[in-house]
Amino acid sequence: MSAEPPILGRAAPWRGILEEYRDRLPISEATPVVTLGEGGTPLVRSASLSAATGAEVWLKYDGANPTGSFKDRGMTLAISKAVEEGAKAVVCASTGNTSASAAAYAARAGLACAVLVPKGKVALGKMAQTLVHGARVLEVEGNFDASLELARDLAGRFPVTLVNSVNPFRLEGQKTCAFEIVDALGGPPDVHCVPVGNAGNIASHWLGYAEYLRDGVIHEPPRLFGFQAAGAAPLVRGEPVAEPRTIATAIRIGNPASWSKAVEAATASEGGIRAVTDREILHAYRRLAREGLFCEPASAASVAGCLQLAAEGVLGPKQTVVCVLTGHGLKDPEWAIAGAAQPASVPADADAVAAELGL
Ligand SMILES: *Cc1c(COP(=O)(O)O)cnc(C)c1O
């Protein structure tokens, strides 16, 4: 047996994706690192989903990022580059998580932040985050797609940096999710499932796997499957959806900005873009909660999709599947409470409590 190195202390703390993957990101010594310690999120094996599908199912819990969604992976880089380039203000359109992340990282960097959100359509937790970090919130009388068009127009004509995923630094940062998955598993999964809204994330994950493939870190990429909500599935239908409808607000998008990149990711990896119903999404959402993982409804689309792939015989036995859980459940608690039993009221008496619990 070879001698183990001496244990000097606890493991080194995670430094955020810009430091951990510095050599794979477009930054230099001149780039100020604006970080909240994003990335390094848990990759958790699901015994229940593995049993149900016959595959080895892992959950990449990106809701554990500092502001509760994967958007932080892209925002740390987008804001760092904005500061490097001398920006004073950033703007984004958002269904909620981009604005929460932009507001936090802009506050960290001392930049002004303006967000355009579809009026009355942003989950409470996300709005709270955006406001508490001091962003200017403007509610647009229109949906997300209209808000994004407005943000792009604004950034084109005024001195503000756009930090939506059409900003290439966003995708560069978000590709680190694929790196972490490969690094943690010791190789690529066979299948990678991710929710699709504006389609930046699936495009970024493909960037990451393709880069590892190019550099010989992996020899085969996973098949990438993206899942849209059935009422907001332009990529599946092959045309924009004017009035996207789904309870999964983070993917309620009718005309994805990264349309062609998402199709390319699915095609090149021999995966696909599919639709899951709101019913399937909520089923997956509750199922995940019962094994201790609280994600927002949009995130559960990846697991709903994984179950769909299994039901259709797409998953081979013992294949390794990773489902990305993109955002934290606390952002949108409405759905957690809606399906739950009302708490029972009891007197402050142990026997009464025991009787209520059937002990
Ligand atoms: C942004 C977001 C998505 C969709 O990602 P896209 O890059 O827009 O496809 C999915 N889930 C959550 C929780 C999000 O915040």
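Scroll up to find the structure.
Procedures and definitions
Residues numbered from 1 in each chain as written. Predicted model: local features only at pLDDT ≥ 70, side-chain atom pairs only at ≥ 80, totals over all residues. Heavy atoms only, no water. Helix = DSSP H or I, 4+ residues; strand = E, 2+ residues; numbered from the N terminus. Rg over C-alpha atoms; globule rule 2.2 N^0.38 Å. Buried < 20%, exposed > 50% of the residue type's maximum accessible area, 1.4 Å probe, protein only. Contact = heavy atoms within 4.5 Å. Areas by Shrake-Rupley, 256 points an atom, 1.4 Å probe, with all protein chains shown as cover. Lys, Arg positive; Asp, Glu negative; His and termini not counted. Charge placed at Lys NZ, Arg CZ, Asp CG, Glu CD. Near = heavy atom within 4 Å. Polar contact = N/O pair within 3.5 Å; in protein donor to acceptor, adjacent residues only side chain to side chain. Nonpolar A, V, L, I, M, F, W, Y, C, P; charged D, E, K, R; others polar. Pairing = 2+ DSSP bridges. Phe/Tyr/Trp six-rings, centres within 6.5 Å; stacked < 30°, edge-to-face > 60°. Lys NZ or Arg CZ within 6 Å of the ring centre and 35° of its normal. Salt bridge = Lys/Arg side-chain N within 4 Å of Asp/Glu carboxyl O. Axes fitted to C-alpha atoms, helices over the stretch in contact; angles between N-to-C directions.

(A) Fine view of the overall build of the chain. Of the regular secondary structure elements, the chain holds 15 helices and 10 strands. Rg of the C-alpha trace for the chain: 21 Å, near the compact-globule value of 21 Å for 359 residues, within the 12% margin. Taken along the three principal axes of its C-alpha coordinates, the chain extends 65 × 60 × 50 Å. Counting every position in the chain, which comprises 359 residues, the buried fraction comes to 52%. Long-range pairs, those at least 24 residues apart, make up 71% of the contacts in the chain between residues at least 6 apart in sequence. Here the chain displays about 15900 Å² of accessible surface, and carbon together with sulfur accounts for 54% of that area. For the chain, the centre of its 32 positive side-chain charges and the centre of its 37 negative side-chain charges are spaced 3 Å apart.

(B) Geometry of the site of the ligand. Lining the immediate surroundings of the ligand are 16 residues, of which K71, N97, G197, N198 and T326 lie closest. Within the contact set of the ligand, a nitrogen atom lies 2.7 Å away from a side-chain nitrogen or oxygen of T326. Tallied by class, residues from the shell around the ligand come to six nonpolar, eight polar and two charged.

(C) Spatial organisation of the environment of L131. Locating L131 in the fold gives a position in helix α5 (residues 124-132). For L131, a relative accessible area of 48% translates into the label partly exposed. Separated by 27 residues in the primary sequence, L131 and A104 place their C-alpha atoms 9.7 Å from one another.

(D) Quick look at the sheet that holds strand β6 (residues 161-162). On the basis of which strands lie adjacent, the open sheet formed by four strands has the order β5-β4-β3-β6 and parallel pairing. Since the sheet does not close on itself, it has two edges, and those belong to β5 (136-140) and β6, each with one partner. Bridging between strand β4 (residues 112-118) and β5 involves five bridges; their strand directions are parallel. Note that in β5 the partner of A114 across the bridge is R136.

(E) Fine view of the packing of aromatic side chains. Applying the stated criterion across every chain yields a total of four aromatic pairs. Between W14 and Y21 the ring centres are 6.5 Å apart and the planes differ by 65 degrees, which places this aromatic pair in the edge-to-face class. The exposure class of W14 is partly exposed, given its relative accessible area of 35%. Each ring, one from Y21 and one from F179, has its centre 5.3 Å from the other, and the planes form 50 degrees; the classification is tilted. Placement of the pair is Y21 in the loop between α1 (17-20) and β1 (43-45) and F179 in helix α8 (residues 176-185), with a sequence separation of 158 residues. This pair shows no difference in class: Y21 is buried, exactly as F179 is. In textbook terms, an aromatic cluster arises when at least three aromatic residues are bridged by ring pairs, as seen for W14, Y21, F179 and Y212. It is R24 that lies over the ring of F179; its NZ or CZ is 5.6 Å from the centre.

(F) View of the pattern of salt bridges. For the structure on display, the rule yields 17 salt bridges. For R73, the salt bridge identified is with D62, shortest N-O distance 2.8 Å. Note that R73 is positioned in helix α3 (residues 71-84) and D62 in the loop between β2 (56-61) and α3, a separation of 11 residues in sequence. Classification of R73 as buried rests on a relative accessible area of 0%.

(G) Local environment of the sheet that holds strand β7 (residues 191-195). Ordered in space as β1-β2-β10-β7-β8-β9, the six strands form an open sheet in which the pairing is mixed. Single-partner strands in this sheet number two, and they are β1 and β9 (272-276). Strand-to-strand twist of the sheet, defined as the mean angle between neighbouring strand axes without regard to direction, takes the value 25 degrees. Relative to β2, β1 runs antiparallel, the two being bridged by three bridges. Of the residues in β2, the one forming a bridge with R45 is W58.

(H) Local environment of helix α13 (residues 301-311). Among the 11 residues that make up α13, nine are buried, leaving the element largely enclosed by the rest of the structure. Among the residues of α13, those classed as buried are A301, S302, V303, A304, G305, C306, L307, Q308 and L309. Once α13 finishes, G313 follows within two positions and takes phi at roughly 75 degrees, a positive value.

(I) Inspection of the side chain of T53 at higher detail. Along the chain, T53 turns up in helix α2 (residues 47-53). On the basis of relative accessible area, T53 is assigned to the buried category, the value being 14%. Each residue touching T53, except ones within four places of it in the same chain, is listed here: C306, L307, A310 and L315.

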